[in-house]
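# Inside the fold
Here's the letter readout for the chains.
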Amino acid sequence: FIFVLVKSTVTSCFSQGVTSFWHFGLNGGVQFENFTPHSISTNTQQFYNSCSSISTPTSDLLYYAEPDSVNNSIDEMLSGSEQLNGYPGYQSVLFIPKPADESVHYLIHQKKVPDNKLYYSIIRRTVDNPLGHINENEKNILLANGVADQITAVHHENGSDIWLEPLTSGITYV
């Protein structure tokens, strides 16, 4: 009985955290507050697929993206995110927070046509750019060739590392 009481108390203290906002194409989305989903329609995405979003650990929206652009928490295009190498696929854009540094996020984006390449760009929040910024020399960095438009990431069992798992054209993982 004590374990159940402690477990339910601890579980109810957590929110969705970094995944509290789910932005979808065509201006739709869901925000989770206290385990309850609420419809939102503030995003400016116009794609039917390939979108991603990320929030702070305290559930405040940071960014949402299509494969070729990123918007910040106030629905403006993120400085430096113009001309990202991206193409709408099924799962061709993804945010990964940098472990142990809440001010840096990696945007993983895939360009399917003509050659199935996977890229990353680095988003930094600083005192001068509190809503985030992508530096020109940290944009469209080639990560892998021959990648299909299905990418995902998972936390390592050590609790700090994050593994990126893109599907390669030969149906194997890199």
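It should be emphasised that the depicted structure is a prediction, and the values quoted were computed from it without experimental measurement.

Right, let's get into the pattern of salt bridges. Applying the stated criterion across every chain, the model contains two salt bridges. For R124, the salt bridge goes to E138, with nearest N and O atoms at 2.8 Å. Linking R124 in strand β9 (residues 117-124) with E138 in the loop between β10 (133-134) and β11 (141-144), this pair joins segments that are 14 residues apart in sequence. K139 is paired through a salt bridge with E136; the nearest N and O atoms lie 3.3 Å apart.

Okay, the environment of E66 next. Examined against the element boundaries, E66 turns out to sit in strand β5 (residues 61-66). Relative accessible area serves as the criterion here: at 11%, E66 is assigned to the buried category. Taking C-alpha positions, E66 is 9.1 Å from L94, a pair spaced 28 residues apart along the chain.

A separate point is the pairing of strand β4 (residues 52-55). Covered by surrounding structure in β4 are S52 and I54 together with S53 and S55, the residues of both alternating faces. Direction of pairing for β4 relative to β5: antiparallel, over a ladder of four bridges. Note that in β5 the partner of S55 across the bridge is L61. Between β4 and β5, which follow one another and run antiparallel, lie five residues, and S59 among them has a positive phi close to 75°.

The residue Q83 is not glycine, and still its phi comes out positive at about 60°. Within the fold, Q83 resides in the loop between β6 (69-72) and β7 (93-97). Of note in the backbone geometry, N140 takes a positive phi value of approximately 55° without being a glycine. One can find N140 in the loop between β10 and β11.

A separate point is the side chain of S121. Take S121: it is sitting in strand β9. According to the relative accessible area criterion, S121 is buried, its value standing at 0%. Looking at S121, its side chain comes within polar contact range of the main-chain nitrogen of N140, at 3.0 Å. Not counting residues up to four positions away in its chain, the partners in contact with S121 are L84, H105, Y106, L107, H109, I134, E138, K139 and N140.

Pairing is antiparallel across the open sheet formed by three strands, whose spatial order is β4-β5-β6. For this open sheet the edge positions go to β4 and β6, each flanked by a neighbour on one side alone. Taken pair by pair, the neighbouring strands of this sheet meet at an average axis angle of 15°, ignoring direction.

Tracing the backbone shows S92 in the loop between β6 and β7. With residues near it in sequence (within four places) discarded, S92 still touches S50, P67, Y87, I108, H109, Q110, D149 and I151.

The nonpolar side chains of a soluble globular protein tend to be buried, and buried together. Core analysis: the largest hydrophobic core is formed by 12 residues, namely I54, L62, Y63, A65, V70, L78, L84, V93, F95, L107, I123 and I134. Of all elements in the fold, only β5 and β7 reach the threshold of two or more residues within this core. Leave out the neighbours within four places in its chain, and V70 touches Y63, Y64, A65, E76, M77, L78, S81, L84, F95, L107 and I123.

Analysis parameters
- Residues numbered from 1 in each chain as written.
- Predicted model: local features only at pLDDT ≥ 70, side-chain atom pairs only at ≥ 80, totals over all residues.
- Heavy atoms only, no water.
- Salt bridge = Lys/Arg side-chain N within 4 Å of Asp/Glu carboxyl O.
- Helix = DSSP H or I, 4+ residues; strand = E, 2+ residues; numbered from the N terminus.
- Buried < 20%, exposed > 50% of the residue type's maximum accessible area, 1.4 Å probe, protein only.
- Pairing = 2+ DSSP bridges.
- Polar contact = N/O pair within 3.5 Å; in protein donor to acceptor, adjacent residues only side chain to side chain.
- Contact = heavy atoms within 4.5 Å.
- Axes fitted to C-alpha atoms, helices over the stretch in contact; angles between N-to-C directions.
- Core = buried A, V, L, I, M, F, W, Y, C linked by side-chain atoms within 4.5 Å.

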